[in-house]
Amino acid sequence: MDIDLMLKVYPFFLEAAWVTIVLSVLTAILGLICGTLGAAARLSRFALLRFLGAAYVSVFRGTPALIQLFILYFGGPQIGIQLDAFEAGVIGLGINAGAYMTETIRGAIIAIDKGQREAARTLGLSSWQATYKVILPQSARLMVRPLGVNLNMLIKATALVAAIAVVELTYTAQRYIGSTYKPFEMFLLAGILYMIIIYVTGRGVAWLDRKVQIN
Amino acid sequence: MTEQTHFVEIRHAQKSFGALEVLKDISLNVERGQIVGIIGSSGSGKSTLLRAINDLDPLTGGEIWLDGVQVNKTLPHRQYEKHINEMRQNVGMVFQHFNLFPHMTARENVTMAPKLLKGLSQADVDKLAEEQLDKVGMLERIDYYPSQLSGGQKQRVAIARALAMKPKLMLFDEATSALDPELVEEVNLVMKKLAEEHMTMIIVTHEMDFAASVCDRVLFMDKGVVVEEGPPSVLFKNPTQDRTREFLRKHIEGAS
Ligand SMILES: Nc1ncnc2c1ncn2[C@@H]1O[C@H](COP(=O)(O)OP(=O)(O)OP(=O)(O)O)[C@@H](O)[C@H]1O
Ligand SMILES: [Mg+2]
C-alpha cells in the first residue's frame with residue numbers, strides 16, 4: 001500500500017470532501033422541505049393531495065436515484081431544464097431523499113396516539129393548533145433517529161453524482177486513479193473520509209436525539 | 001327544527017360505523033346542573049353517544065343541541081370547524097386513558113388551551129393553573145410531567161385541564177376504569193366535588209355505587225338504545241325491564 005501517495009493527494013481529497021459535505025447539507029435541507037411537504041400531502045384531508053403525496057413516494061423510492069439524476073441532468077435540457085452538474089445533484093438527490101423523509105415524518109406523526117389529538121380538539125383547538133401544539137412536539141422526538149438514518153443514506157448517495165461529473169469525493173478518487181493507477185489507495189482514502197463524515201454526523205444525530213428525549 | 005328548551009338535547013341520534021348501527025334513534029334531555037349517568041354492557045354505544053355530544057364521533061342522523069345552539073349543524077367545512085371549535089370550548093371531556101400531553105407539565109397541560117384560545121396574560125395563566133390544580137388536589141405536583149404521576153393523579157390533572165376552559169358541561173367516559181382500585185376514590189371525590197358545585201355532567205361508568213351516589217338520573221343502554229332510565233333509587237332497586245335486571249344482576253355479582 002502506497003501510504004506516501006495517499007498523504008500526497010490527501011489535501012485534494014479533503015477539498016473534495018468539502019464538496020461532499022456541502023452537497024449533503026444542501027440535499028438534506030431540500031430533502032427535509034420535500035419530506036415535510038410530502039408528509040403534509042399524505043396526511044391531508046384532500047384525496048388529491050394524498051394521491052400526489054403517495055405518487056411522489058412511490059415514484060422516487062421505486063426507481064434508482066441514478067436514473068433520476070440522469071433524467072434530470074441529461075434529459076433536463078430536452079424539456080427546457082438547464083442545470084449545471086452540482087445543481088442537478090442537489091435537486092435530484094434532494095427530491096429523492098425527500099421521498100424517504102416523507103415516510104419517516106408521516107410515520108412519526110401517525111405513531112402518536114389518536115387520543116392526543118382528540119384531547120386537544122376537545123379543548124377547542126383547531127386541527128392545525130392540535131398538530132403544532134400537541135402532535136408535532138411529540139413526533140419530533142420520534143423523528144430524530146429515523147431522519148438520522150435518512151441522512152446517513154443521503155450522504156452515501158452523494159457518491160452517485162460522480163456519474164454526472166460533480167467533483168466530489170468519489171469523482172476525485174476516480175480522477176486520481178487515472179493518473180496514479182492506484183485504485184486501492186484512492187478508493188480507500190475516499191472511503192475513510194466518507195466514514196469520518198458519517199461518523200461525525202451520526203454523533204450529531206445521537207446528541208440531538210438525547211437532547212430532545214429529556215424528561 | 002323546533003326551539004330547544006333543555007340545556008342539552010339529543011334528538012333521534014343515529015350513528016353507524018359502516019354497516020354497524022351503533023346508536024339507534026336515541027333521544028335524551030339534560031337540564032342545567034343535572035348529573036346523568038350512563039351504564040350498559042361493553043359495545044352498547046355509551047362512548048359513541050358521549051363522543052357525539054362534542055362531535056368527536058359525528059352522528060349520521062339526528063341533532064345535538066347545547067344551550068340553545070345546534071352542535072352538529074350543516075355548514076361548509078371551514079365554518080363548521082370554527083363553529084365546532086367554539087362549541088367544544090364549552091364542553092369538557094375526560095377520557096378513560098387520561099390523554100394528558102406527555103411533553104407538558106401539569107401546569108402546561110392545564111393552561112395550554114386557555115392561553116392559546118383565550119389570550120390570557122401570563123399572570124392570569126399562572127393563577128388559572130394554580131386554581132384548577134388546587135381544586136383537584138394536585139397543586140404540589142404543578143410542575144411534574146405526566147410520566148411522574150400515578151394514574152389517579154394523571155386523571156385529576158386531566159379533569160383540571162378540562163375545567164380550565166370553564167366548560168358548561170363535563171363529559172366523563174369511564175374516568176376511573178383504567179385505574180388501580182385504590183386510586184379510584186381520589187378521582188371520584190373530585191367528581192363529587194364538581195357535583196356539589198352543580199356542574200352539568202354526563203358520566204359513563206361501570207361503577208354502580210358511584211352512579212347511585214352522584215347521579216340524578218341513570219340511563220341503561222343496550223345495543224344502541226336507551227332501554228330504561230330513571231333516578232338511581234328506582235333504576236337500581238326496581239328496574240322494569242328484563243335486560244336492565246339481567247345487566248344489574250351480572251354486574252353486581254361480578255363486582256362482589
Ligand atoms: N371508530 C369506530 N369504528 C368502527 N366501529 C366502532 C368505532 N367506535 C366504536 N365502534 C363500535 O361501536 C360499538 C359501540 O362502541 P362504544 O365504544 O360506543 O361502546 P361502549 O358502550 O362505550 O363500550 P365499552 O363499555 O367497552 O367502552 C362497538 O361495537 C364498537 O366496536
Ligand atoms: Mg366506552
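Residues numbered from 1 in each chain as written. Chains lettered and ligands numbered in written order. Predicted model: local features only at pLDDT ≥ 70, side-chain atom pairs only at ≥ 80, totals over all residues. Heavy atoms only, no water.

Naming follows an unreviewed UniProt entry, where chain B appears as Glutamine transport ATP-binding protein GlnQ of Shimia thalassica. Taken directly from UniProt, the Sequence similarities (unreviewed entry) text for chain B runs: "Belongs to the ABC transporter superfamily." Listed under Subcellular location (unreviewed entry) in UniProt, the entry text for chain B is "Cell membrane". (UniProt positions renumbered as here; feature names shortened; annotations may be inferred.)

The name given to chain A in an unreviewed UniProt entry is Inner membrane amino-acid ABC transporter permease protein YecS, and the organism recorded there is Shimia thalassica. Comment text from UniProt for chain A, heading Sequence similarities (unreviewed entry), reads "Belongs to the binding-protein-dependent transport system permease family. HisMQ subfamily."

A. Local environment of the pattern of salt bridges. All names here are of chain B. Per the counting criterion, the structure on display carries 24 salt bridges over all chains. Across the salt bridge formed by Lys168 and Asp67, the nearest N and O atoms sit 2.8 Å from each other. Separated by 101 residues along the polypeptide, Lys168 in the loop between helix 5 (151-163) and strand 7 (169-173) and Asp67 in the loop between strand 4 (61-66) and strand 5 (69-70) bring together distant segments of the chain. On the accessibility criterion, Lys168 (31% relative accessible area) is partly exposed. Using a relative accessible area of 28% as the deciding quantity, one classes Asp67 as partly exposed. Taking the shortest distance from any N to any O, the salt bridge between Glu131 and Lys127 comes out at 3.8 Å. Taken together, the positions of Glu131 and Lys127, both in helix 4 (residues 122-135) and four residues apart, correspond to about one turn of that helix. (Salt bridge = Lys/Arg side-chain N within 4 Å of Asp/Glu carboxyl O. Helix = DSSP H or I, 4+ residues; strand = E, 2+ residues; numbered from the N terminus. Buried < 20%, exposed > 50% of the residue type's maximum accessible area, 1.4 Å probe, protein only.)

B. Representation of the nonpolar core in the model. Of all hydrophobic cores here, the largest spans 76 residues; its most connected members are Phe13 and Leu169 of chain A together with Leu169 of chain B. Discounting chain neighbours no more than four positions away, the residues touching Leu169 of chain A are Phe13, Ala16, Ala17, Thr20, Ala190, Leu193, Tyr194 and Ile197 of chain A. Grouped together as the second largest cluster of nonpolar side chains are 47 residues, Ile142, Ala162, Val214 and Phe236 of chain B included. (Core = buried A, V, L, I, M, F, W, Y, C linked by side-chain atoms within 4.5 Å. Contact = heavy atoms within 4.5 Å.)

C. Quick look at the interface of chain A and chain B. Each partner contributes to the interface: chain A provides 22 residues, whereas chain B provides 26 residues. Contact between chain A and chain B buries roughly 2000 Å² in total, counting both sides, with carbon and sulfur atoms accounting for 59%. The three residues of chain A that bury the most area against chain B are Arg121, Thr122 and Leu123 of chain A, which together make up 32% of that side's buried surface. When the shortest N-O distance is used, the salt bridge between Glu81 of chain B and Arg121 of chain A registers 2.8 Å. Here chain A is connected to chain B by seven residue pairs in polar contact (both at pLDDT 80 or more). (Buried area = accessible area lost by both parts, 1.4 Å probe. Polar contact = N/O pair within 3.5 Å; in protein donor to acceptor, adjacent residues only side chain to side chain.)

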